[in-house]
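Architecture at a glance
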Amino acid sequence: MWTVIYIASNHKQALRLKEILTGEGIMVNLRPIGSCQMEDLSGYELLVPESEAEEANEILNTALVR
């Protein structure tokens, strides 16, 4: 089962965070929020397998503090 671990404010941020997580070996799916046609303005959910959610949160917390 996939779990939402973060909501990015735009597509660019979502891609950057996905790159960080995949670089650490975490599988990530992105899912747009709502029906906004302009992907740069739409929020995105970052989803990871439930078994990797805790590790993914730790990685994101470290990356976002920098």
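We now turn to the structure provided with this report. Chains are numbered independently. Their residues run from 1 in the order of the written sequence. Only residues with pLDDT of at least 70 are given local features in this predicted model, and only at 80 or more are side-chain atom pairs given and counted; all residues enter the totals for whole chains, interfaces and linings. Only heavy atoms go into the side-chain values, all of them from the structure, while hydrogens and water stay out.

This paragraph deals with the environment of Trp-2. Where helices and strands are cited, they refer to DSSP runs of H or I of at least four residues and of E of at least two residues respectively, numbered from the N terminus. Counting through the fold element by element, Trp-2 comes out in strand E1 (residues 2-8). For Trp-2 and Ser-51, which are 49 residues apart along the polypeptide, the C-alpha to C-alpha distance reads 8.8 Å. The residues touching Trp-2, leaving out its near neighbours within four places in the chain, are Met-27, Val-28, Asn-29, Leu-47, Val-48 and Pro-49. Residue contacts are counted whenever heavy atoms from the two residues lie within 4.5 Å of one another.

Any two strands are treated as partners once DSSP identifies two or more bridges connecting them. A sheet is described by the order of its strands in space; here 3 strands give the open sequence E1-E3-E2, paired in antiparallel fashion. Edge strands, defined here as strands with exactly one partner in the open sheet, are E1 and strand E2 (29-32). For this sheet, the mean angle separating the axes of adjacent strands, direction not counted, is 30°. Pairing of E1 with strand E3 (residues 44-49) involves 6 bridges; the strand directions are antiparallel. Its bridge partner lying in E3, Ala-8 is registered against Tyr-44. Each axis is a line fitted through C-alpha atoms, and for a helix only the stretch in contact is used; angles between axes span 0 to 180 degrees, taken between their N-to-C directions. Packed on one face of the sheet, helix H1 (residues 11-23) meets E1, E2 and E3 and runs near 20° to E3. Of the strands in this sheet, E1 and E3 are in contact with helix H2 (residues 53-65), which crosses E1 at around 15°.

Structurally, Gln-13 is set in helix H1. Here Gln-13 falls in the buried class, since its relative accessible area comes to 18%. Those residues in contact with Gln-13 that sit more than four places away from it in its chain are Tyr-6 and Ala-8. Buried means the residue's accessible area, taken with a 1.4 Å probe over protein chains only, is under 20% of the maximum for its type, while exposed means over 50%, and partly exposed covers the values in between.

This part covers H1. Under the convention used throughout, the expected extent of a helix is 1.5 Å for every residue step, that is, one less than its residue count. Under the 1.5 Å per step criterion, the end-to-end length of H1 is 18 Å for 13 residues, consistent within 8% with the ideal 18 Å. The complete set of buried residues in H1 reads His-11, Gln-13, Ala-14, Leu-17 and Leu-21. Take H1 and look down its axis: the buried residues cluster within an arc of 155°, on one side only. Those residues of H1 that are exposed and angled more than 90 degrees off the buried face are Lys-12, Glu-19 and Gly-23. Elements that come into contact with the buried residues of H1 comprise E1, E2, E3 and H2. Positive phi appears at Gly-25, one or two residues downstream of H1, with a value of about 90°. For this quantity, the arc is that covered by the directions from the helix axis to the C-beta atoms.

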